[in-house]
Amino acid sequence: MSDAPKMVSAGIDRIFLDLENPRHDPYEDEAQVIEYLVRHENIQPLAKDIAKNGLNPLELLALIPDEGSANGKGEPTYVVAEGNRRLCALKLLDDPERAPTKQRKSFENLAADWEGVGDLPCMVFPDRESVKMWLSRIHEGEQGGIGRKKWNADQTARHSGESKNKVALAVLDYAESEGLISS
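Residues numbered from 1 in each chain as written. Predicted model: local features only at pLDDT ≥ 70, side-chain atom pairs only at ≥ 80, totals over all residues. Heavy atoms only, no water.

(A) Molecular detail of the packing of aromatic side chains. Using the criterion set out here, one finds one aromatic pair in the structure. Taking the centre distance of 6.2 Å and the plane angle of 40 degrees together, the rings of Tyr-27 and Tyr-36 count as tilted. The ring of Trp-134 has Arg-137 sitting right over it, with the charged end atom 5.7 Å from the ring centre. (Phe/Tyr/Trp six-rings, centres within 6.5 Å; stacked < 30°, edge-to-face > 60°. Lys NZ or Arg CZ within 6 Å of the ring centre and 35° of its normal.)

Structural data, given as structure tokens:
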């Protein structure tokens, strides 16, 4: 399959925000994207979580080559196809001066104790078209079972274990497993 993604490691200085991300209208530069994402897409809480816990190891960035571009060291550069919010948070933790003026101090505070990230494991797709199907699986709902399925309240309670109904759920699960009740 020629459109198969390849695993690479890349520093955030080699990955650019997607100026044409579906979350927003097309923009001319990264500063405009950062401004929009910080104001409308909850970047500050995400940055706070990343600073405290790191990146979610279950979610890699998906990249496409930034055709004809290379960084100052001659290494290839990329545009993020999946993970624009995460990349924005990383860029602002790495360089809080890029944050909108009103939010800059809060990103400086978050970055003060942040150790940074090295190269990130990423999946590189040949082009936008080859990543499109996978983005649909993540962002467009269940799609008859092929897309990401949200947990229902019982599943969430079983996972978190913080439900006031934890005992009731355990009893129901036991009764079902013993054939005393049906699902």
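Here the narrative resumes.
(B) Region of the structure containing the layout of surface pockets. Estimated volume of the largest pocket: approximately 920 Å³. Forming the walls of the largest pocket are 35 residues, and the residues nearest its centre are Glu-82, Gly-83, Leu-135, Ile-138 and His-139. When residues in the lining of the largest pocket are grouped by element, the largest group, nine residues, is from helix H5 (residues 128-139). Residue classes in the lining of the largest pocket are distributed as 15 nonpolar, seven polar and 13 charged. (1 Å grid on protein atoms, 1.4 Å probe; cavity = no way out; pocket = protein on both sides within 12 Å on 5 of 7 lines; lining within 4 Å. Points joined across faces, edges and corners; volume = space filled by probe spheres on them. Helix = DSSP H or I, 4+ residues; strand = E, 2+ residues; numbered from the N terminus. Nonpolar A, V, L, I, M, F, W, Y, C, P; charged D, E, K, R; others polar.)

(C) Layout of the nonpolar core. One finds Ile-15, Ile-43, Leu-63, Leu-92 and Phe-107 to be the most contacted residues of the largest nonpolar core, which totals 30 residues. Of all elements in the fold, only helix H1 (30-40), helix H2 (43-53), strand S3 (61-70), strand S4 (76-82), helix H3 (84-94), helix H4 (104-112) and strand S5 (120-124) reach the threshold of two or more residues within this core. Sequence-distant contacts of Ile-43, that is, excluding residues within four places in its chain, are made with Leu-37, Val-38, Arg-85, Cys-88, Ala-89, Leu-92 and Phe-107. By size, the runner-up hydrophobic cluster in this structure holds six residues, among which are Ala-62, Val-79, Ala-81 and Phe-125. (Core = buried A, V, L, I, M, F, W, Y, C linked by side-chain atoms within 4.5 Å. Buried < 20%, exposed > 50% of the residue type's maximum accessible area, 1.4 Å probe, protein only. Contact = heavy atoms within 4.5 Å.)

(D) The packing of H2 against H3, seen in detail. Interhelical geometry of H2 versus H3 gives an angle of 70 degrees and a closest axis separation of 9 Å. The angle between the axes of H2 and H3 places the two elements in the roughly perpendicular class. As H2 packs across H3, the resulting crossing turns out to be right-handed. Contacts between H2 and H3 involve Ile-43, Leu-46, Ala-47, Ile-50 and Ala-51 on the former and, on the latter, Arg-85, Arg-86, Cys-88, Ala-89, Leu-90, Leu-92 and Leu-93. Here the contact of H2 with H3 is built from residues that sort into 10 nonpolar, no polar and two charged. (Axes fitted to C-alpha atoms, helices over the stretch in contact; angles between N-to-C directions. Parallel < 35°, antiparallel > 145°, perpendicular 65-115°, else oblique. Left-handed = near helix turned anticlockwise from the far one by under 90°.)

(E) How the structure looks around the packing of H2 against H4. Here H2 crosses H4 at 10 degrees, and the two axes come no closer than 9 Å. Considering their axes alone, H2 and H4 lie roughly parallel with respect to each other. Where H2 approaches H4, its residues Ile-43, Gln-44, Ala-47, Lys-48 and Ala-51 are matched on the opposing element by Ser-106, Phe-107 and Leu-110. Tallied by class, residues from the contact of H2 with H4 come to five nonpolar, two polar and one charged.

(F) Fine view of the side chain of His-24. Turning to its location among the elements, His-24 is positioned in the loop between strand S2 (15-16) and H1. You can call His-24 buried: its relative accessible area is 7%. One polar contact links the side chain of His-24 to the main-chain carbonyl oxygen of Asp-18, over a distance of 3.5 Å. Not counting the four nearest positions on each side in its chain, His-24 is found in contact with Asp-18, Leu-19, Val-33, Tyr-36, Leu-37 and Asn-84. (Polar contact = N/O pair within 3.5 Å; in protein donor to acceptor, adjacent residues only side chain to side chain.)

(G) Representation of H4. Looking only at H4, the buried set comprises Ser-106, Phe-107, Leu-110 and Ala-111. In an axial view of H4, the angular spread of the buried residues amounts to 135 degrees, which keeps them on one side of the axis. The outward face of H4, more than 90 degrees from its buried face, is lined by the exposed residues Lys-105 and Ala-112. Among the structural elements, H1, H2 and H3 are those in contact with the buried residues of H4. (Arc of directions from axis to C-beta.)

(H) How the structure looks around the pairing of S5. The side-chain alternation of S5 yields one buried face, formed by Leu-120, Cys-122 and Val-124, and one unburied face, formed by Pro-121 and Met-123. Relative to S5, strand S1 (residues 6-10) runs antiparallel, the two sharing five bridges. Looking across to S5, one finds that Ser-9 is bridged to Pro-121. (Pairing = 2+ DSSP bridges.)

Remember that the coordinates give geometry; whether it matters functionally is a separate question.
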